[in-house]
Amino acid sequence: SQVSFEEESQKQPVVGHWKPLMPSKGNKEELETGCQDAGGVGETQSTEQLNVSRLRSSSVEIREKGSEFLKDELHKAQKELKLKDKECERLSKVREQLEQELEELTASLFEEAHKMVREANTKQAAAEKQLREARGKIDMLQAEVTALKTLVITSTPSSPNRELHPQLQSPSKAGFRKGHGRNKSTSSAMVSAASQNVAPEPVSRECREVDSILFAEFQAWKESPTLDKSCSFLDRIYREDVGPCLDFTKQELSELVRVAVEQNTLTIEPVASQTLPVVKVAAEECGGPKKCALSGLPRTCKHRIMLGDSGNYYYISPSCRARITAVCNFFTYIRYIQQGLVRQDVELMYWEVMRLRREMSLAKLGFYPSEM
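Everything numeric here is computed off the predicted structure, so don't read it as measured data.

> I keep staring at the pattern of salt bridges and nothing clicks. Help me out?
Note that side chains of opposite charge can pair when their charged atoms are close. For the structure shown, the criterion picks out 13 salt bridges. A salt bridge links Glu87 to Arg90; the shortest N-O distance between them is 2.5 Å. Here the residue Glu87 and the residue Arg90 both occupy positions in helix α2 (residues 25–154), the gap between them amounting to 3 residues, near one helical turn. A single network of salt bridges, built from pairs that share partners, joins Glu217, Arg236, Glu240, Asp241 and Arg357.

Structure representation (structure tokens):
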């Protein structure tokens, strides 16, 4: 190899050994051949070393370029990750904001819905209250109109109504009414008119005495007036007056009439002023102009009744009308007392109740005015 050749050439000649200065021809050719051989070997080795160094330098360069490329890719990936993180953070903020807005919107909607429900309930309660008040006023006005009609009908020249003509009253009675007529309920004047046809004599000429038991029951009822018939005052009147007065031959219809009178849903109207309606029940149950539906007897029926809003009319005789009217007058008066519309002394109210009871007693016995 080139290394061994260089080592041999650098060795010093052995002392005492002779070396020829000029080689011979044969030696010269051998020397040139050996030099050529040695030169060829050296060039090969230097080429290989050069190739190795080039490979090493190229591998280093490739490695450096690869590392730079990887670093660039890493930087790009890191930048993209940062952008992705920022985008994720932005989207998360947007989502949180949307969720918050959705919660606020839901809460506001629920609050608005509850507010609307409360307002609707308040309006409904107010409307129902106004409806009850209006119905009460309508009932009161209807009763007053009916009573005023009764007052006008019962006042004739031969038998004038003293309620409509105060100048016909006695001085003592007129003075009493002058002091208390302002606070007296209209109903007391209304319901007192019907009795004047039944009893032509003035009440002031009658002798009367308060029954202690009846008066005590009325006073107890007056402390807390109610339409519940379980109290002793109304229980007695139901047993002695209302029940017998509304006890007709047709028991089933009689019960319906009693319920309608208690609920103030019964209507009485003249037959002549109304056209005959189409009824939904059998004709024999409703009677007719010549047959009473309550008694079942052939009678001339000038009036008919309707129970509530059923639309069915029942023809009634004058006697049955008088009995129903007497009971309706009693219930109208005690309703006025319950509503606080009657402002009289307790004893005066008691006697008015007794007069209405007398009307029911006479009606159930068959006595009724000729105008019926």
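Anyway, onward from the coordinates.
> Any chance you could explain the pairing of strand β3 (residues 313–316) here in plain terms?
If a strand is regular, its side chains alternate between the two faces of the sheet. By the alternation rule, side chains of β3 split into Tyr313 and Tyr315 and Tyr314 and Ile316, which are all buried. Connecting strand β2 (residues 303–307) to the next strand, β3, in antiparallel fashion are 5 residues, including Gly308 with a positive phi near 65°.

> It is not clear to me how the nonpolar core should be interpreted in this structure. Could you clarify?
One recurring pattern in soluble globular proteins: nonpolar side chains tend to sit buried together. Of all hydrophobic cores here, the largest spans 48 residues; its most connected members are Val242, Val257, Leu294, Ile324 and Phe330. Of all elements in the fold, only α5 (212–223), α6 (232–245), α7 (251–263), β2, β3, α9 (318–338) and α10 (346–364) reach the threshold of two or more residues within this core. A per-element tally of this core places α9 first, with 10 residues. With sequence-adjacent residues up to four places away left out, Ile324 is seen in contact with Leu246, Phe248, Val257, Val261, Leu266, Ile268, Leu294, Ile305 and Ile316.

> In this structure, what is going on with a negative patch on the surface? I would like to understand it.
Together, Glu64, Glu68, Asp72, Glu73 and Glu80 line one region of the surface with negative charge. Relative to the assigned elements, Glu64 resides in helix α2.

> Help me understand the sheet that holds β2, please; the structure alone is not making it clear to me.
Strands sit in the order β1-β2-β3 across an open sheet of 3 strands; the sheet is antiparallel. Edge positions in the sheet fall to β1 (266–270) and β3, since each has one partner strand and no second. Ignoring strand direction, the axes of neighbouring strands in this sheet form an average angle of 30°. Note that β1 and β2 share 5 bridges and pair antiparallel. If you follow Ile268 over to β2, its bridge partner there is Ile305. The sheet contacts of α7 involve β1, β2 and β3, and relative to β2 the element is tilted by about 75°.

> It is not clear to me how the side chain of Ser317 should be interpreted in this structure. Could you clarify?
The residue Ser317 is located in the loop between β3 and α9 in this model. For Ser317, the residues in contact, after removing those within four places along its chain, are Cys292, Arg299, Thr300 and Cys301.

> I tried to follow the packing of α7 against α9 on my own but got confused; where do I start?
Two measures define how a pair of helices packs: the angle their axes make with one another and the distance between the axes. With their axes 9 Å apart at the nearest point, α7 and α9 run at an angle of 30° to one another. Accordingly, the angle class assigned to the pair α7 and α9 is roughly parallel. α9 is crossed by α7, and the crossing has right-handed handedness. Note on element contacts: α9 touches α7 through Ile324, Val327, Cys328, Phe331 and Arg335, opposite Val257, Val261, Glu262 and Gln263. Residues that form the contact of α7 with α9 fall into these classes: 6 nonpolar, 1 polar and 2 charged.

> Is there a simple way to think about a positive patch on the surface in this case?
Taken together, the side chains of Lys76, Lys79, Lys82 and Lys86 make up a positively charged region of the molecular surface. Relative to the helices and strands, Lys82 resides in helix α2. Of the residues examined, Lys82 reaches a relative accessible area of 57% and is grouped as exposed.

> What should I look at first to understand α6 in this one?
An α-helix turns once per 3.6 residues; consequently, residues spaced three or four apart project the same way. Under the 1.5 Å per step criterion, the end-to-end length of α6 is 19 Å for 14 residues, consistent within 8% with the ideal 20 Å. In the structure, α6 departs most strongly from a straight axis at Tyr238, where the bend amounts to approximately 50°. Along α6, the residues classified as buried are Phe233, Leu234, Arg236, Ile237, Tyr238, Asp241, Val242 and Cys245. Against the buried residues of α6 lie α5, α7, α9 and α10.

> Just to check I follow, could you spell out the state of the cysteines for this structure?
A covalent bond between the sulfur atoms of two cysteines is referred to as a disulfide. Scanning all chains against the criterion turns up 0 disulfides. Between Cys292, a cysteine without a disulfide, and Cys320, which holds the nearest cysteine sulfur, the sulfur-to-sulfur distance is 3.6 Å.

> What should I look at first to understand α9 in this one?
Taking 1.5 Å as the rise per residue, α9 with 21 residues should run 30 Å; its terminal C-alpha atoms sit 30 Å apart, in good agreement. Among the 21 residues that make up α9, 18 are buried, leaving the element largely enclosed by the rest of the structure.

> Sorry if this is basic, but what is going on with the confidence of the model for the chain here?
Do not read the predicted coordinates in detail wherever pLDDT is low. Across the chain, the average pLDDT comes to 77, with 69% of residues at 70 or higher. Of all the helices and strands in the chain, helix α3 (residues 171–180) carries the lowest mean pLDDT, 39, while α6 carries the highest, 95. Note on residues 274–284: pLDDT under 50 across the span, and 13 contacts to partners over four residues away in sequence or across chains.

> Could you clarify how one ought to interpret a nonpolar patch on the surface in this entry?
Taken together, the side chains of Leu102, Leu105 and Leu109 define a hydrophobic patch exposed on the protein surface, amounting to about 310 Å² of accessible area. With respect to the secondary-structure elements, Leu105 resides in helix α2. Given the relative accessible area of 46%, Leu105 is considered partly exposed.

The rules behind the values
Residues numbered from 1 in each chain as written. Predicted model: local features only at pLDDT ≥ 70, side-chain atom pairs only at ≥ 80, totals over all residues. Heavy atoms only, no water. Salt bridge = Lys/Arg side-chain N within 4 Å of Asp/Glu carboxyl O. Helix = DSSP H or I, 4+ residues; strand = E, 2+ residues; numbered from the N terminus. Buried < 20%, exposed > 50% of the residue type's maximum accessible area, 1.4 Å probe, protein only. Pairing = 2+ DSSP bridges. Core = buried A, V, L, I, M, F, W, Y, C linked by side-chain atoms within 4.5 Å. Contact = heavy atoms within 4.5 Å. Patch = residues over 30% accessible without salt bridge, like charges linked within 9 Å, V, L, I, M, F, W, Y side chains within 5 Å. Areas by Shrake-Rupley, 256 points an atom, 1.4 Å probe, with all protein chains shown as cover. Lys, Arg positive; Asp, Glu negative; His and termini not counted. Charge placed at Lys NZ, Arg CZ, Asp CG, Glu CD. Axes fitted to C-alpha atoms, helices over the stretch in contact; angles between N-to-C directions. Parallel < 35°, antiparallel > 145°, perpendicular 65-115°, else oblique. Left-handed = near helix turned anticlockwise from the far one by under 90°. Nonpolar A, V, L, I, M, F, W, Y, C, P; charged D, E, K, R; others polar. Expected span 1.5 Å × (residues − 1). Bend = angle between axes of the 7 residues up to and from the residue. Disulfide = S-S within 2.5 Å. pLDDT = per-residue confidence, 0-100.

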